[in-house]
Amino acid sequence: MNVIETKLPGVKILEPKVFGDHRGYFMESYNKELFEKLGLHYDFVQDNQSLSAPTGTLRGLHFQLNPKAQTKVVRCITGAIYDVAVDIREGSPTYGQWVGVILSAENKRQLLVPKGFAHGFCTLVPDTTVAYKVDEYYSPEHDGGILWNDPDLGIDWPTSIPILSEKDTKHPRLCEATHLNFVFEK
């Protein structure tokens, strides 16, 4: 597996080795031993999957607060997404900065989004299926979000009129999110 660092320390692009032939392909999307050899020490406890039927479906920006914060490994099984991670750790030199990566069934890339980062994605094609591993169980009372189009973040989403859940239209801007409990640790 190839690990590519992004401009946000801790957020990594993972490229699994893909073995293809005339029948199709085989790849390991996750191997605990390999992850640990690469310095990725996480105990994943839950797999999640979503289907977004229309192009331009935007989910995010989501996170879970401590002590139920989640690290995610996100991949696209069918279709393609523009996947975004935003640093929301107080005191971080990259606080409020974001990185965006295209994940697709074709490129088979994955994005590692650590605790302390908000996460969201926008579908680029219809009928897109996204799967992700998390290292903490879902906890509704720790669920949080940042407004997808926060002007202070300036995320360059691939659509200006996304299809959103009602919940995702009501998240606060990062500067208004007083409930955050992520602190940057050197």
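Preceding block: the structure.
Residues numbered from 1 in each chain as written. Predicted model: local features only at pLDDT ≥ 70, side-chain atom pairs only at ≥ 80, totals over all residues. Heavy atoms only, no water.

**Quick word on the pairing of strand β11 (residues 117–123)**
Next up, step 1: The buried fraction of β11 is high, at seven of seven residues.
Next up, step 2: Of the two faces of β11, the one lined by F117, H119, F121 and T123 and the one lined by A118, G120 and C122 are each fully buried.
Next up, step 3: Bridge count for strand β6 (residues 58–64) against β11 is four bridges, and the pairing is antiparallel. Bridging across to β11, H62 finds its partner in H119.
Next up, step 4: In this sheet, β11 lies alongside strand β8 (residues 80–87) in antiparallel orientation, the contact comprising seven bridges. Its bridge partner being in β11, D87 is matched across the sheet by F117. (Buried < 20%, exposed > 50% of the residue type's maximum accessible area, 1.4 Å probe, protein only. Helix = DSSP H or I, 4+ residues; strand = E, 2+ residues; numbered from the N terminus. Pairing = 2+ DSSP bridges.)

**Examining the sheet that holds strand β5 (residues 46–52)**
By way of backbone hydrogen bonds, the strands of a sheet pair with one another, either parallel or antiparallel.
Next up, step 1: Sheet architecture is open: six strands sit in the order β1-β2-β10-β7-β12-β5, paired in antiparallel fashion. Strands with a single pairing partner mark the edges of an open sheet, and in this sheet they are β1 (2–5) and β5. The sheet shows a mean angle of 25 degrees between the axes of neighbouring strands, direction not considered. (Axes fitted to C-alpha atoms, helices over the stretch in contact; angles between N-to-C directions.)

**Topic: the sheet that holds β11**
Next up, step 1: The strand order across the open sheet built from five strands is β9-β8-β11-β6-β13, with neighbouring strands paired in antiparallel fashion. Both edges of this open sheet fall to β9 (98–104) and β13 (143–145), since each of them pairs with a single strand only. Put simply, the sheet's adjacent strands are angled 30 degrees from each other on average, direction ignored.

**Focus: the side chain of T128**
Next up, step 1: Structurally, the position occupied by T128 is in strand β12 (residues 128–134).
Next up, step 2: Of the polar contacts made by the side chain of T128, one reaches the backbone nitrogen of A80; its length is 3.5 Å.
Next up, step 3: At a separation of 2.9 Å, a polar atom in the side chain of T128 contacts the main-chain carbonyl oxygen of V125.
Next up, step 4: For T128, the contacting residues outside a window of four places in its chain are S50, L51, S52, C76, T78, G79, A80, I81 and T123. (Polar contact = N/O pair within 3.5 Å; in protein donor to acceptor, adjacent residues only side chain to side chain. Contact = heavy atoms within 4.5 Å.)

**Structural notes on the packing of aromatic side chains**
Next up, step 1: One pass over the full model with this rule turns up six aromatic pairs.
Next up, step 2: For the pair F63 and F182, a centre-to-centre distance of 5.9 Å together with 80 degrees between the ring planes defines the contact as edge-to-face. With F63 in strand β6 and F182 in the segment after β13, this residue pair connects regions lying 119 residues apart in the sequence. The two residues F63 and F182 agree in class, both being buried.
Next up, step 3: Summarising the aromatic geometry, the rings of Y82 and W157 are spaced 6.3 Å apart at their centres and angled 80 degrees between planes, so their arrangement reads as edge-to-face. Of this pair, Y82 sits in strand β8 while W157 sits in the segment after β13, placing them 75 residues apart in sequence. As far as burial versus exposure is concerned, Y82 and W157 are alike and both buried.
Next up, step 4: Taken together through their ring pairs, the aromatic side chains of Y30, F35, Y42 and F44 make up a single cluster. (Phe/Tyr/Trp six-rings, centres within 6.5 Å; stacked < 30°, edge-to-face > 60°.)

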